[in-house]
2 protein chains.
Amino acid sequence: MLEPQTPVAPHPDIAHLAPLLGTWRGRGQGEYPTIESFEYLEEVEFGHVGRPFLTYRQRTRSADGSRPMHAETGYLRALPDDRIELILAHPTGITEICEGTLVADGAGLRLELDSTSIGRSSTAKSVTGLGRTLTLDGDTLSYTLRMAAVEQPLQHHLAATMQRAN
Amino acid sequence: MLEPQTPVAPHPDIAHLAPLLGTWRGRGQGEYPTIESFEYLEEVEFGHVGRPFLTYRQRTRSADGSRPMHAETGYLRALPDDRIELILAHPTGITEICEGTLVADGAGLRLELDSTSIGRSSTAKSVTGLGRTLTLDGDTLSYTLRMAAVEQPLQHHLAATMQRAN
């Protein structure tokens, strides 16, 4: 069996990210010049395995809950000097590496990330740039996402607010 | 709540990949010119959410089970004409897109995949090429992985064999 017999303590290098650990649920809104605006339900999970990164998994459904929409999965790496790297795979055929910084912001955290590498499979849409801002304030996690895609410049695409579910 | 109220049926476009669904556990061996050879325990999970891809998650531990080693997470996309795309994030700061074909092989499946895009964060090692062969034969899943990294040419790196756990 691969599961550890006892829970593993978080690696010391992710102590400042520990407030993110857990499951978050809430709602978001999306817009982009090439599509109709839309609303969605979202669930985000941050976990750890005792190493200096968080595991990350995200899923969204249509606002009425009936239909799966987007998903992402990957890792948030903690580096010296409050540098962070988000390493993601998307089922749309896109990979994403965003790099940035973590700022302790009053009682919470703010993560500012911009893409440094985007991979596209043969069948993926032409996403060319991404930027993310995550803000943790108590038990509220919110984010905005900026995207350059289908020949549009980098611009606001998504905003969501979630509450801690466990 | 984001969980569907009832289990979702697999999307028709992943019917040929359905034998992969489930959890697999076993052992592997790694070698590379720049490191000492090693053995590991591995767990692989393929799931689905009702859309035309499988979710994929992999973890390895040291052969005595005491220490987490590698992990990967992402998606296996099913495309027309038995084309497949594997879209992965690694906690080492690497993203991987491998493309290839699925071959029905007697009672099983064989997936042949080669990298078409590898992303590296600022702090990642210089992995430049990957190739994967997965073979499913009844309740046995095995794979080999080829890697070009740290200025070495593409060559054998990993082999593992797993049995269906559920």
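Preceding this paragraph is the structure being described.
Okay, so let's go over this structure. Sequence order as written defines the numbering, with residues in each chain counted from 1. Here every chain gets a letter starting at A, and every ligand a number starting at 1, in the order they are written. Selection of residues for local features in this predicted model requires a pLDDT of at least 70, selection of side-chain atom pairs for listing and counting requires 80 or more, and totals for whole chains, interfaces and linings are taken over all residues. Excluded from the side-chain calculations are hydrogens and water; all other atoms, namely the structure's heavy atoms, are used.

### Concerning the relation of the copies chain A and chain B
By a simple turn and slide, chain A fits onto chain B: the slide is 0.0 Å along the axis, the RMSD is 0.0 Å, and the turn is 180 degrees. Taken together, the rotation and translation describe the operation of a two-fold axis. Nearest to the rotation axis, the C-alpha of Ala-89 of chain A is located 2.6 Å from it, this being the minimum over chain A. Residue contacts are counted whenever heavy atoms from the two residues lie within 4.5 Å of one another. Taken together, the interface assignments show that 100% of the residues at the interface of chain A recur at the interface of chain B, consistent with an identical surface on both copies. Least squares is used to superpose the copies, and the fit set is the C-alpha atoms of residues whose pLDDT is at least 70 in both copies.

### Concerning the pairing of strand E6 (residues 94-105) of chain B
Residues and elements named next belong to chain B. Where strand E5 (residues 83-90) meets E6, eight bridges bridge the pair, whose relative direction is antiparallel. Counted as the bridge partner of His-90 is Ile-94 from E6. Linkage of E5 to E6, two consecutive antiparallel strands, is achieved through a turn of three residues, within which Gly-93 is found at a positive phi near 90 degrees. Relative to strand E7 (residues 108-120), E6 runs antiparallel, the two being bridged by twelve bridges. Considered in E7, the bridge of Thr-101 is made with Glu-112. One requirement defines pairing of two strands: DSSP has to find at least two bridges between them. Numbered from the N terminus, helices here are DSSP runs of H or I no shorter than four residues, and strands are runs of E no shorter than two. Counted along the chain from E6 to the antiparallel partner E7, the turn is two residues long, and its residue Gly-106 has a positive phi close to 65 degrees.

### Describing the packing of aromatic side chains
By convention here, two paired aromatic rings are described through the distance between centres and the angle between planes. Residues and elements named next belong to chain B. Pairing of aromatic rings covers Phe, Tyr and the six-membered ring of Trp, with a centre-to-centre limit of 6.5 Å; geometry is then stacked below 30 degrees between planes, edge-to-face above 60, and tilted otherwise. Going through the model one piece at a time under the given rule, you end up with six aromatic pairs over all chains. Their ring planes at 35 degrees and their centres at 5.9 Å tell us that Phe-38 and Tyr-40 sit as a pair that is tilted. Judged by its relative accessible area of 24%, Phe-38 falls in the partly exposed class. Each ring, one from Phe-53 and one from Tyr-75, has its centre 5.3 Å from the other, and the planes form 80 degrees; the classification is edge-to-face. Placement of Phe-53 in strand E3 (residues 53-62) and of Tyr-75 in strand E4 (residues 68-78) is noted, with a sequence separation of 22 residues between them. For Phe-53, a relative accessible area of 3% gives the class buried. Whether a residue is buried, partly exposed or exposed follows from its accessible area with a 1.4 Å probe, protein chains only, as a fraction of its type maximum: under 20%, in between, or over 50%, in that order.

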